[in-house]
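Observations on chain architecture
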Amino acid sequence: MRGASLWLVVLATVAVQPGAFSRWVLVKVLVVAIAAVLAALSEAAAALPRWVQAAVGALLAGAVGATLLSDAPLHQLLGRWPRYEGVVTVSAYLLALWIGARALGPSPDASTRRTLGNAASAAAVALGGIALAEAAGARPFSTSAARPGSLTGSATDQGILAVALGAVVLYLLMNESVRRATRRWWWAGLAGSASALALSGSRAAWLAAVVAAALGWAVAARRRGVRNAVALLATAPVVIGAAAIAVIALVFPAPRSRVVGGLADASIGLSDRPVVWSDALHTIASTPWWGGGLNGFAGRVELHHSARWFADVGPTTTLDSPHNIVLQVAAVGGWIAVAGAVALAGTVAMVWWRRASAGNDIAGLALAVGAASGVALLASVTSPAVLVLPALLGGAAMSTAAPGAGRARQAAADAKQKGRPSRAPVAAVAVQRSGRERTMRAVLVFALAAWALALVPTVAAEWPLGRAVAAADRDDVAGALDGFEAARGLRPWDVDIDALAAQSLAAAADRGAVGAPDAAIAAADRVDAAGASTVSVDKARAVALIAGGDLDAATSTLELLAQERPLDSWVAHRLGAALLLSGHREQAIAELEHALVLDPGNADIAATLDYARSQ
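Attention in this report is confined to the structure presented alongside it. If you're wondering where the values come from, they're calculated on a predicted model, not measured in any experiment.

1. Some words on helix α5 (residues 87–104)
Taking 1.5 Å of rise per residue, 18 residues should cover 26 Å, and α5 covers 24 Å from first to last C-alpha, within 8% of that figure. Along α5, 15 of the 18 residues are buried, which leaves the element largely enclosed by surrounding structure.

In C-alpha cells, the structure reads:
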C-alpha cells in the first residue's frame, strides 16, 4: 500500500481530466486523496513532529478565522473558482505533507527510493512527452494559449514541476545502484523533465532550476568537500541533463525566442507583474493584519484596481491571485500570517540543511525542491501541480520515526540472527496494534475514504460544466441550462457554477440568443442571494438586462458599478449605451466621453460616441 500511495501522489501532479471545464486542478486533488487512503492502510514509516503540526495548525487557524470574517465565509472556506484553494485544494497540500511523513519518511529504504524514482520518472515522461507534442504543434488538450502547459495547464507550472521531478530523478541517478532496466527508465525520466523544463519557456522555472542546482551542489560540498562536489558537475547525468535543456530550448522557436530575445523580450510575460503586485498591495492594505481569508482576493482586488491596470491589462481580465506567494499569504491572513509563515519556513530550512549536511538525502532533496519552488512562486500562482511534490518531500524530510515503528521488524531480525523463532515480534506487533491504535487507524481510513468519495462528484461536475459553457458559446441556451443544472446537482456548494452560468449566458444574450437574458439574470440572482456576488457577475447581469430590454435596471446596476470602479472603461461604455437606449442622450454622451478618456484607443467606444452625437 505504501508504494501504491507514493505512485499515486507523484502521478497526481500530472493527472488531467479530459473533457472537463477545468482539467488541471480538482482531479489532482482527488488523486492525492486516494493516495492518502492507501497511505493510511499501510504501516507508518514516520510522523510529523508535534511542533510542525502545531505551527501549520496555527497558520491554518488564522486563515480560517480571517475567512469567517469575510463577506462570503462559507463559499470562501470551501473554495472558489478557478483553483478552489479553500478546504478542497488546501487538503491536497496537507495530505501530501502527511503522506510524505507516513509513506516516505526521513530515511526510506532502497525499495521505497526506487518506487519514488520510478513514479517521478513516469510523471516526467508524461509531462515531457505532452510538452514535445505541443511544441510540434499538436494540441492533445484544446487551448488557445501559445504556451499550453502540458499536463499542468500553465507553462510556468509545467516548468516548476519539471524542476522538482528532475531533481528527484537526477539525484537517484547519481546515487543509487539499481538494475539496468530501472536506470534506463530513470534516464527517460530525466529526459522528460529536461524537455518539459526547456519547452516551458518559463524564466521563473529556469531560475528555479538554477536555485535547485546551486543548493544541491552546496549540500554536496558540505558533505563531501568542495573538490568532490566540483567533480560531480562532470558526471554524465548532470552534463547530459544540462545539455539537453540547452539544446531543446534553442531548437524550438518558442523557448528560443525567450532565451535569445535579450532584455526586451524578457519583459514579455513579466510586464504585468508590477501592476499586479501594486494592486495586490493596495488590496492587502484594506485589511493589513488579518487579511481577507481564503479565496477572498479575486473579489476584493476588483475594487482596488489602478488606472495602470485598466490601461495595461484591461477591464475584462479577472485577477484571482497576486502571482507572488508572499503576497498571497498576506492576502489570506495578513502580514501576521506572513511573519508566521516566514518564521516557519526559515526554521524548516535550517532543519533540512542540518539534516542534509549530516547525510540525510531526503532532506537535501526537500531543501533544493522547496527553495526552487518558492523562488519560482515569487512570480507565479500556487496550484496542486507545483505544491504537491514539494509538500511530499517536505513532510518526509521533517518527519521523525513513528512511535513503535520498526520494533517488530528489529525483533524479527534479531530472532533470525540467533537462528530461532521468537515471541518478540508478536509482542511488538501486539503493542503497536493495540485496540486503541487499531480504532484510530480505522477512523482515519474511514475519514479519508469519506473525503475521497465526497470529491468524486465534485470532480465529476467539471464534465457537465464544460458542456454547459461550450453550449453557451454556441448560443444553445437549453443545452447550457441542462449542463449547469447537472453541475449544480453534483456540486451544490459551489456558488461559482452560477457565476460562470451568469457570465456565459450573458455573453450569449449579448449575441442575441433567445432566452439567454432571463437565464443569465436568474443565475446572477442566485449568486447574489448567496452573498457571493462579484464585479464580473454584476457586469454579466448588466449585459443581460440590456439584452432583455430592462434598461432602468441595467442603468441602476451599471451606476453602482461605476461608483465601485470609476476607472473601468467597460462600465462607462455600457452605462453610456444603456442611457442612450433609454433616451438620455446628453448623459449618455457624457458617460461615453468619460469612457473614451479612460481608454482613448478603443474603437468600439469611439463608434458608440459618434453614433450618440449623431442622434
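What follows continues from the structure just given.
2. Observations regarding the nonpolar core
V9, V10, I99, L127, L165, L392 and L393 are the most contacted members of the largest nonpolar core, which has 94 residues in total. The residues touching V9, leaving out its near neighbours within four places in the chain, are V32, A35, A96, I99, V388 and L392. Counting residues in each nonpolar core, the second largest holds 52 residues, with A472, A516, A542 and L579 among its members.

3. A word on the pattern of salt bridges
In total, this model carries 20 salt bridges according to the counting rule given. Notably, a salt bridge pairs D312 with R308, separated by 3.1 Å at the nearest N-O pair. Of this pair, D312 and R308 both sit in helix α16 (residues 307–312), four residues apart, roughly one helical turn. With relative accessibility at 45%, the residue R308 sits in the partly exposed group. When the shortest N-O distance is used, the salt bridge between D475 and R511 registers 2.8 Å. Of this pair, D475 sits in the loop between α23 (462–473) and α24 (477–490) while R511 is found in the loop between α25 (496–510) and α26 (516–529), placing the two residues 36 residues apart along the sequence. With a relative accessible area of 32%, D475 lands in the partly exposed category. Salt bridges linked by common partners bring E485, R488, D498 and R526 together as one network.

The rules behind these values
- Residues numbered from 1 in each chain as written.
- Predicted model: local features only at pLDDT ≥ 70, side-chain atom pairs only at ≥ 80, totals over all residues.
- Heavy atoms only, no water.
- Helix = DSSP H or I, 4+ residues; strand = E, 2+ residues; numbered from the N terminus.
- Expected span 1.5 Å × (residues − 1).
- Buried < 20%, exposed > 50% of the residue type's maximum accessible area, 1.4 Å probe, protein only.
- Core = buried A, V, L, I, M, F, W, Y, C linked by side-chain atoms within 4.5 Å.
- Contact = heavy atoms within 4.5 Å.
- Salt bridge = Lys/Arg side-chain N within 4 Å of Asp/Glu carboxyl O.

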